[in-house]
Amino acid sequence: MELEVRHLRVVCAIADTGSISKAATSLGMSQPALAAQLRRIERQFGGPLFERGREGTTPTPLGRWLLLRSRSVLPAFDDLARDARRHARDERDTIRVGCALTRLAIYAAKALRRLLPEADISLRTEETTEVLPGLLESERIELATLDDYPGHELQPPQGAVYAEIAVEPVFVGLTASHPLAAHDEIDLADLAKEQWAQHALLESGPREHFWTACADHGFSPMVGFKVDLSVALDLIAEGRCVGLFQATSPARDGIVIRPLVGSPMKMRHLIGWTEHGALAPHSKDLVQAVTKTYWSEAMRNPTYNAWLRRHGAHSVTL
C-alpha cells in the first residue's frame with residue numbers, strides 16, 4: 001500500500017475524536033472499514049499508531065510523531081486543492097449539498113435553483129448532523145443544512161462559515177383520537193404518562209434538550225420506541241406513542257401536530273458553506289433566499305401559521 005493524503009487524514013481524525021467509531025462518523029465511513037484501513041496504515045509505518053482502551057484511543061510514540069508531521073503537511077495539501085478548484089471553471093457549476101434530516105434541505109434546494117439555475121446541484125442526506133462539518137472541512141460538499149439546540153450550538157470547522165436561517169419551536173404529534181388533540185396547544189406536563197418515539201440515531205443535542213425540558217416539567221420521559229420516521233409515524237397514528245415534530249412538518253394521516261405551551265423546546269436551522277468554494281461569492285444572496293423560502297413555506301403550514309399569528313411571526317429566539 002502506498003501512503004496517500006487520505007491516510008494522514010484518517011490518523012488525524014482518530015486522534016482528534018479519540019475514538020475509531022467517532023472518527024468513522026466524521027469521515028463518512030463505517031467503523032469496520034476505518035479499523036481495517038488503520039491496520040493497513042500501521043503496517044505501512046511498521047508499528048501501532050494508537051493504543052486502544054476503554055477510554056478510547058490514544059497515540060503511541062510513533063503515532064505522536066506521525067501526527068506532528070501530518071498536521072504540518074496537510075494544510076499545504078488543503079491550500080493546493082482549494083487553489084486548484086478556484087482555477088477550474090466547471091467547479092463553480094457543481095454544488096454538492098449535505099443535508100440533515102430536516103425540511104431545511106428542501107428549502108435550500110429551492111433557493112439554489114432560483115439563485116443558480118445553471119448549476120449542477122446534488123443532495124445527500126445524512127442520518128446525523130455530526131458528519132456534515134467534516135464533509136465541509138474536507139470540501140467534499142459545498143453547502144450543508146444543519147440544526148442545533150440550546151446549549152449545544154454548533155461552531156463552524158476551519159474553512160467553513162455558518163449562518164442562521166431561523167429558530168423554530170418544536171411541536172408534538174399524537175394520534176387524532178387522543179383527548180389532547182382538540183387543544184390548540186398542549187402542556188408538556190400533560191404528556192408525562194405517554195410513551196415517546198425517538199429516532200434510533202438521535203444525537204446528544206436534541207436528546208438532552210428534550211430530557212431537560214421534560215425534567216423542567218416534572219417528569220422523565222418514557223422512550224419506548226427508538227425507530228426511524230416511517231415506523232414512528234405508524235406507531236403515533238395507532239395511538240401507541242407520541243413524538244416530536246418540526247413546526248413546519250406537513251400533515252400526516254391519522255396524526256395531529258400541536259404546539260407546546262410556552263415553547264419549551266426549540267431548534268435552530270443553519271446553513272454552512274466553504275469559504276473558498278463556489279457558493280462563497282453568493283453567500284449573502286443565498287442566506288436571504290433560503291430565509292425567504294423558509295418563511296414562505298412556514299406561512300403555508302396551517303398549524304405553524306396559526307401559532308405564528310398567536311405569538312408573533314419570527315419571534316422565536318434560541
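Cut-offs applied
- Residues numbered from 1 in each chain as written.
- Predicted model: local features only at pLDDT ≥ 70, side-chain atom pairs only at ≥ 80, totals over all residues.
- Heavy atoms only, no water.
- Buried < 20%, exposed > 50% of the residue type's maximum accessible area, 1.4 Å probe, protein only.
- Helix = DSSP H or I, 4+ residues; strand = E, 2+ residues; numbered from the N terminus.
- Contact = heavy atoms within 4.5 Å.
- Polar contact = N/O pair within 3.5 Å; in protein donor to acceptor, adjacent residues only side chain to side chain.
- Phe/Tyr/Trp six-rings, centres within 6.5 Å; stacked < 30°, edge-to-face > 60°.
- Salt bridge = Lys/Arg side-chain N within 4 Å of Asp/Glu carboxyl O.

Draft legend 1. Spatial organisation of helix α10 (residues 302-311). Taken together, the buried positions of α10 are occupied by Tyr-304, Asn-305, Ala-306, Trp-307 and Leu-308. Packed against the buried residues of α10 are β6 (160-175) and α9 (283-300). The N-cap of α10, judged by a side-chain oxygen 3.2 Å from the amide nitrogen of Thr-303 a few residues on, is Asn-301. One or two residues past the end of α10 sits Gly-312, with phi positive at roughly 100°.

Draft legend 2. The arrangement of the packing of aromatic side chains in detail. The final tally for this structure, using the stated rule, is seven aromatic pairs. Centre to centre, the rings of Phe-171 and Tyr-304 are 6.1 Å apart; their planes meet at 85°, and the pair counts as edge-to-face. Taken as a pair, Phe-171 in strand β6 and Tyr-304 in helix α10 lie far apart in primary sequence, 133 residues in all. Both residues of the pair, Phe-171 and Tyr-304, count as buried. Here the aromatic cluster, defined as three or more aromatic residues joined through ring pairs, consists of Tyr-107, Phe-171, Tyr-294, Trp-295, Tyr-304 and Trp-307.

Draft legend 3. Geometry of the pattern of salt bridges. One pass over the structure, following the stated rule, counts 11 salt bridges. Each of the salt bridges in this network shares a partner with another, and the network as a whole consists of Lys-110, Glu-297 and Arg-300.

In short, shape yes, function no, at least from these values alone.
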